[in-house]
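# Analysis of the macromolecular model
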Amino acid sequence: MTSLNAATQNLSNQSEAESKPHLVVKSADVEAMLNRYQFSDDARRIVAEEKLLPVGLLSRLQASYPQHSGLMETKPFLFKVGSNYTGLEGFRRVCEILKENGIELSQIKEREFYIEVYRFLATSHSLNSINWDNYENNSLYQLVLPQPGMIAPEPTKAYVEAESAEERARIVAEYTEKTNPHDGNQQLNKPWFDNGEGRVEFLEGSQHKYPQCQLVFDTSTQNCFSFCTYCFRHAQVRGDEDMFLQKDITQLHNYLKQHKEVSDLLITGGDGGFMPANRFEQYIRPIIEDPELGHIRNIRLGSRALTFHPEMILSSKYDRMLELFDLLYENGIQMAWMAHFSTPRELLNPRTLAAIRRLKAHGVFVRSQSPIMNHISLFTDEDGKVDVDKSAQSWIDLANILAMMGMGFHSMYAARPTGEHHYFTAPLADIERIFSKIYNSLSSINRPSRHISMTISAGKLAIMGTSVIGGEKCFALQFTEGRNMEWMNRVFHAKYDEQKNKIDLLLPFDTEKFFFADELKQIEEDLAEALRKRLA
């Protein structure tokens, strides 16, 4: 009876929402959206001819989630459409534009310290997606602009008080060394192979940690459209000496021919969306035509273009890439666009919605995988405690919007121990409570495809929930990926802890060490020794 009453109330609420003019989208409103977002003539033609912004879809999204939507907003944008803001100069220009509009950011030097360590880049689309009427509580503001408190007080104070550019540069260089850009022993994931001529070749721009999936950091994808403040790949975007960089595509294909266990190629970066069509074709054409590469069944493109630069897809210049997506679909190879939505706000604008629909029309399966990050997609109350209900509801709304767009909710994961982990993380116990509420509140078809996970050197570990064994509460854990894939078959337990925020800090529940500890140590030692010999 309770479920029936709730369903009746939901229908009543929807009916009431649809009766309010600001919740119903009409054709004239679509035209207003195109004008406000300054769609080019080319983009307008594409939207019209391909029917990318149907009124029915926009009305349903607006009526269902007006609290997140930018669809019916009319306030002029602060940032000129099509502009990018890069580095310290770009950040200072952003601050100038905000000041011209009555918004003055505080603690500029602290923010600049962050930029010198990690970089800064923002598109006009990402900046205009921020609600500047309430920016301090806006998730996208935290996502794109550095905040005071992100870097610990001691080095920040030293930078702010430095009397010369040389001293500041020294402080930046010293702190950069501590940012742990390759968490999880990523350097051990670098593959090599016998090239048939008696020589061993390294793939300097690849990682092959799990049998089925190979990551490719192509030379063309080592940039982003906007930089996330919690970036897990800052070694790539700031150009560290030990960054991964794949230059030779033929070398990669030769490696794949020797590794028939690989079924998925994941092109990432930086941002995989930067790859031009002609280079993308060099990757996929042999996979389509060469029988020795017939084991490659899935091509994944890791990109945040849908959040930061969706206009790229709404251009006739992108038609060639769409033709290649069609080619993959026609040859039975799944093309998966691995998007990265953390908040409903990122989706509910006409550019992103139209770009998603255009990709889907060309056989692209758009999936979203996102980290649950404090200040962005995890919220605290006035007392500084994790607000489970508010945090979960934001993700529930996001999941349902993804479903309305025909997109897959692939996964959620906890902050990786890189960069300013302390700022973005939260206790695993709170994250588990949030995830449980999300999982239990969604229909089975709208749920994430796996439980909340964390990346460590051993693999990807999921918190399946909590158990009570012998009267004692504990975490139930299971691998979703592992350096040894047989580890995935086993559920094991860790002592319950209300404060720990990294899986590495959890203690085994009823054993001296986790079941995989000795084997992992041996695997890492063998990989490190093999790497040392080949480098020698």
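These lines cover the structure that appears in this document, whether it is placed above or below.

What counts, and at which threshold
Residues numbered from 1 in each chain as written. Predicted model: local features only at pLDDT ≥ 70, side-chain atom pairs only at ≥ 80, totals over all residues. Heavy atoms only, no water. Helix = DSSP H or I, 4+ residues; strand = E, 2+ residues; numbered from the N terminus. Rg over C-alpha atoms; globule rule 2.2 N^0.38 Å. Buried < 20%, exposed > 50% of the residue type's maximum accessible area, 1.4 Å probe, protein only. Contact = heavy atoms within 4.5 Å. Areas by Shrake-Rupley, 256 points an atom, 1.4 Å probe, with all protein chains shown as cover. Salt bridge = Lys/Arg side-chain N within 4 Å of Asp/Glu carboxyl O. Disulfide = S-S within 2.5 Å. Expected span 1.5 Å × (residues − 1). Polar contact = N/O pair within 3.5 Å; in protein donor to acceptor, adjacent residues only side chain to side chain. Pairing = 2+ DSSP bridges. Phe/Tyr/Trp six-rings, centres within 6.5 Å; stacked < 30°, edge-to-face > 60°. Core = buried A, V, L, I, M, F, W, Y, C linked by side-chain atoms within 4.5 Å. Right-handed = clockwise from strand over helix to strand, strands pointing away. Axes fitted to C-alpha atoms, helices over the stretch in contact; angles between N-to-C directions. Parallel < 35°, antiparallel > 145°, perpendicular 65-115°, else oblique. Left-handed = near helix turned anticlockwise from the far one by under 90°. Nonpolar A, V, L, I, M, F, W, Y, C, P; charged D, E, K, R; others polar.

### Some details on the overall build of the chain
- Within the chain one finds 20 helices and 15 strands.
- Taken over C-alpha atoms, the radius of gyration comes to 24 Å for the chain, in line with the 24 Å a tight globule of 536 residues would show.
- Considered along the principal axes of its C-alpha atoms, the chain spans approximately 70 × 65 × 60 Å.
- With 536 residues in all, the chain has 55% of them scored as buried.
- Taking the contacts inside the chain whose residues are at least 6 apart along the sequence as the reference set, 74% of them involve residues at least 24 apart.
- Of the roughly 23900 Å² of accessible surface on the chain, a fraction of 47% belongs to carbon and sulfur atoms.

### Overview of the environment of aspartate 326
- The residue aspartate 326 is located in helix H15 (residues 319–330) in this model.
- In this structure the C-alpha to C-alpha distance between aspartate 326 and threonine 455, which are 129 residues apart in sequence, comes to 33 Å.

### Things to note about the pattern of salt bridges
- One pass over the full model with this rule turns up 29 salt bridges.
- As a salt-bridge pair, glutamate 281 and arginine 320 come within 3.0 Å of each other at their nearest N and O atoms. On the criterion of sequence distance, the pair formed by glutamate 281 in helix H13 (residues 277–289) and arginine 320 in helix H15 is long-range, its members being 39 residues apart.
- Accessibility expressed as a relative area gives 35% for arginine 320, which makes it partly exposed.
- When salt bridges that share partners are traced, they join Glu281, Arg285, Glu289, Arg320 and Glu323 into one network.

### Structural notes on the state of the cysteines
- The final tally for this structure, using the stated rule, is zero disulfides.
- Left unpaired, cysteine 213 is separated from the closest cysteine sulfur, that of cysteine 224, by 18 Å.
- Judged by its relative accessible area of 12%, cysteine 213 falls in the buried class.

### Details of helix H17 (residues 388–404)
- Compared with an ideal rise of 1.5 Å per residue, which puts 17 residues at 24 Å, H17 spans 24 Å between its outermost C-alpha atoms and is within 8% of the ideal.
- On its buried face, H17 sits against helix H4 (55–64), strand S10 (364–371), strand S11 (408–413) and helix H19 (428–441).
- If you check the start of H17, you find a side-chain oxygen 3.4 Å away from the backbone N of aspartate 389, and it comes from aspartate 387.
- Looking one or two residues past H17, glycine 406 carries a phi angle of roughly 70 degrees, positive in sign.

### Focus on the pairing of strand S6 (residues 213–217)
- With five of five residues buried, S6 is to be regarded as a mostly interior element.
- By the alternation rule, side chains of S6 split into Cys213, Leu215 and Phe217 and Gln214 and Val216, which are all buried.
- As judged from the three bridges shared by strand S5 (residues 206–210) and S6, these two strands associate in the antiparallel manner. Within the sheet, the bridge partner assigned to tyrosine 210 lies in S6 and is cysteine 213.
- Counted along the chain from S5 to the antiparallel partner S6, the turn is two residues long.
- With five bridges joining them, S6 and strand S7 (residues 264–268) adopt parallel strand pairing. Residue pairing for S7: leucine 215 is matched across the bridge by leucine 266.

### Here's the deal with the packing of aromatic side chains
- Taken as a whole and assessed by the stated rule, the structure comprises 31 aromatic pairs.
- Both rings, one in phenylalanine 113 and one in tyrosine 175, keep their centres 5.8 Å apart while their planes meet at 55 degrees; by these two values the pair is tilted. Highlighted residues: phenylalanine 113 in helix H6 (residues 108–118) and tyrosine 175 in helix H10 (residues 165–176), separated in sequence by 62 residues. Taken individually, phenylalanine 113 and tyrosine 175 each receive the classification buried, so the pair is uniform in this respect.

### Overview of the nonpolar core
- The biggest cluster of nonpolar side chains holds 148 residues, and the ones touching the most others in it are Leu145, Phe280 and Trp337.
- Sorting elements by how many residues they give to this core places H17 first, with seven residues.
- Discounting residues that sit within four places of it in the chain, phenylalanine 280 has contacts with Ile267, Met275, Ile299, Met321, Leu324, Phe325, Leu328 and Met335.
- Grouped together as the second largest cluster of nonpolar side chains are seven residues, Phe217, Phe244, Leu266 and Ala336 included.

### Some words on the pairing of strand S9 (residues 334–339)
- S9 sits mainly inside the fold: five of its six residues count as buried.
- Examined bridge by bridge, strand S8 (residues 298–302) and S9 share five bridges and lie parallel to one another. In the strand pairing of S9, asparagine 298 is matched with glutamine 334.
- Summarising the sheet, S9 and S10 pair through five bridges and their orientation is parallel. In the sheet register, alanine 336 faces S10, and the bridge partner there is phenylalanine 365.
- Assessed by its sense of winding, the connection that carries the chain from S9 through helix H16 (residues 350–360) to S10 is right-handed.

### Digging into the packing of H6 against H10
- Axis separation between H6 and H10 bottoms out at 9 Å; the angle between their running directions is 60 degrees. Of the possible angle classes, the one that applies to H6 and H10 is oblique. The chirality of how H6 crosses H10 is right-handed. For the pair H6 and H10, contact is made by Lys109, Phe113, Glu116, Val117 and Tyr118 and by Arg168, Ile171, Val172, Tyr175 and Thr176, respectively.
- Split by residue class, the contact of H6 with H10 holds six nonpolar, one polar and three charged.

### Describing the side chain of threonine 268
- Residue placement: threonine 268 occurs in strand S7.
- Excluding residues that lie within four positions of it along the chain, threonine 268 makes contacts with Leu215, Val216, Phe217, Asp218, Thr221, Gln222, Arg233 and Gly302.

### Thoughts on the environment of leucine 61
- Among the secondary structure elements, leucine 61 is positioned in helix H4.
- For leucine 61, a relative accessible area of 0% puts it in the buried group.
- Residues leucine 61 and methionine 404, 343 residues apart in the sequence, show an inter-C-alpha distance of 8.1 Å.
- Ignoring any residue separated from it by four or fewer positions in sequence, one finds leucine 61 in contact with Leu348, Leu353, Ile401, Met404 and Met405.

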